[in-house]
Amino acid sequence: MNDQEIMENLLLTTKGLCDLYMHGTIESNTEGVHQAFDSALSDNLAMQGDIYKKMADKGWYPAQQADAQQIAQVRQKFAAQ
């Protein structure tokens, strides 16, 4: 397993954990549990952001820029709803 594959696995794992922590946060019925999940979610979002940035810096997670036409289409789609 090379470095890129390891980073991809880390990113997928942190994304999955963010999903779990988010659901734990919104479903918790006591303040203490809510705060615990919310804190874990915040920490994990920061970690996910760091992993993404490192991957993007190495060219392992390329992002493409949306052109003006794509942006206009999305705006129209959501404005109509």
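The structure contained in this document is the topic of the report that follows. Since we're looking at a predicted model, the values are computed, not measured. Within every chain, residues take consecutive numbers counted from 1 along the sequence as written. Confidence filtering applies because this is a predicted model: local features only for residues at pLDDT of at least 70, side-chain atom pairs given and counted only at 80 or more, and all residues used for totals across whole chains, interfaces and linings. The basis for the side-chain values is all heavy atoms of the structure; hydrogens and waters are excluded.

For the protein, the count of helices and strands is three helices and zero strands. Helical segments are the DSSP runs of H or I of at least four residues, strand segments are the runs of E of at least two, and each set is numbered from the N terminus. Starting at the N terminus and walking to the C terminus, you meet the elements of the protein as α-α-α. Within these notes, the globule rule equals 2.2 Å times the number of residues to the 0.38 power, and the radius of gyration is based on C-alpha atoms. Relative to a compact globule of 81 residues, whose C-alpha radius of gyration would be 12 Å, the protein shows 17 Å and is clearly more extended. By its C-alpha atoms, the protein is 45 × 45 × 15 Å across when sized along the principal axes. The buried label goes to any residue with under 20% of its type's maximum accessible area, the exposed label to any with over 50%, and the partly exposed label to all in between, with areas taken from a 1.4 Å probe on protein chains only. Taken over 81 residues, the protein has a buried fraction of 15%. Pairs at least 24 apart in sequence give 56% of the contacts found in the protein among residues at least 6 apart. All accessible areas in this document rest on Shrake-Rupley with a 1.4 Å probe, and a residue is counted as covered only by the protein chains that are shown. When the accessible surface of the protein is summed, it comes to about 6,300 Å², and 55% of that surface belongs to carbon and sulfur atoms. Only four residue types enter the charge count, namely Lys and Arg as positive and Asp and Glu as negative; His and the chain termini do not. Where a charge lies is defined by one atom per residue type: Lys uses NZ, Arg uses CZ, Asp uses CG and Glu uses CD. Where the 6 positive side-chain charges of the protein centre and where its 11 negative ones centre are 10 Å apart. Contact between two residues is taken to exist if any of their heavy atoms lie within 4.5 Å; hydrogens are not considered.

With that out of the way, let us pick up a nonpolar patch on the surface. Patch membership needs two things, relative accessible area over 30% and no salt bridge, and members are linked within 9 Å if like-charged or within 5 Å if nonpolar (Val, Leu, Ile, Met, Phe, Trp, Tyr). Salt-bridge detection follows one rule: a side-chain nitrogen of Lys or Arg within 4 Å of a carboxyl oxygen of Asp or Glu. Where nonpolar side chains cluster on the molecular surface, the patch consists of Met1, Ile6 and Leu10 and spans about 320 Å² of accessible area. Mapped onto the secondary structure, Ile6 falls in helix H1 (residues 3-27). Relative accessible area serves as the criterion here: at 36%, Ile6 is assigned to the partly exposed category.

Axis definition: a line fit to C-alpha positions, over the contact stretch in the case of helices; interaxial angles, taken between N-to-C directions, run 0 to 180 degrees. One can describe the packing of H1 onto helix H2 (residues 31-57) by two numbers: an axis separation of 8 Å at closest approach and a directional angle of 155 degrees. Relative to H2, the element H1 is oriented roughly antiparallel. H2 is crossed by H1, and the crossing has left-handed handedness. For the contact of H1 with H2, a count of residues per class yields 15 nonpolar, six polar and four charged. Each angle receives one of four descriptions, namely roughly parallel if under 35 degrees, roughly antiparallel if over 145, roughly perpendicular if within 65 to 115, and oblique otherwise. Crossings are sorted by hand: turned counterclockwise from the far helix by less than a right angle, the near helix makes the crossing left-handed, and turned clockwise it makes it right-handed. Think of it as three bins: nonpolar holds Ala, Val, Leu, Ile, Met, Phe, Trp, Tyr, Cys and Pro, charged holds Asp, Glu, Lys and Arg, and polar takes everything else, Gly as well.

What follows concerns the pattern of salt bridges. Counting across every chain of the model gives one salt bridge. Here Lys53 and Asp57 are joined by a salt bridge, their closest N and O atoms 3.2 Å apart. Of this pair, Lys53 and Asp57 are both found in helix H2, four residues apart, which corresponds to roughly one turn of the helix. Taking relative accessible area as the criterion, Lys53 reaches 49% and is therefore assigned partly exposed. The exposure class assigned to Asp57 is exposed, which follows from its relative accessible area of 57%.

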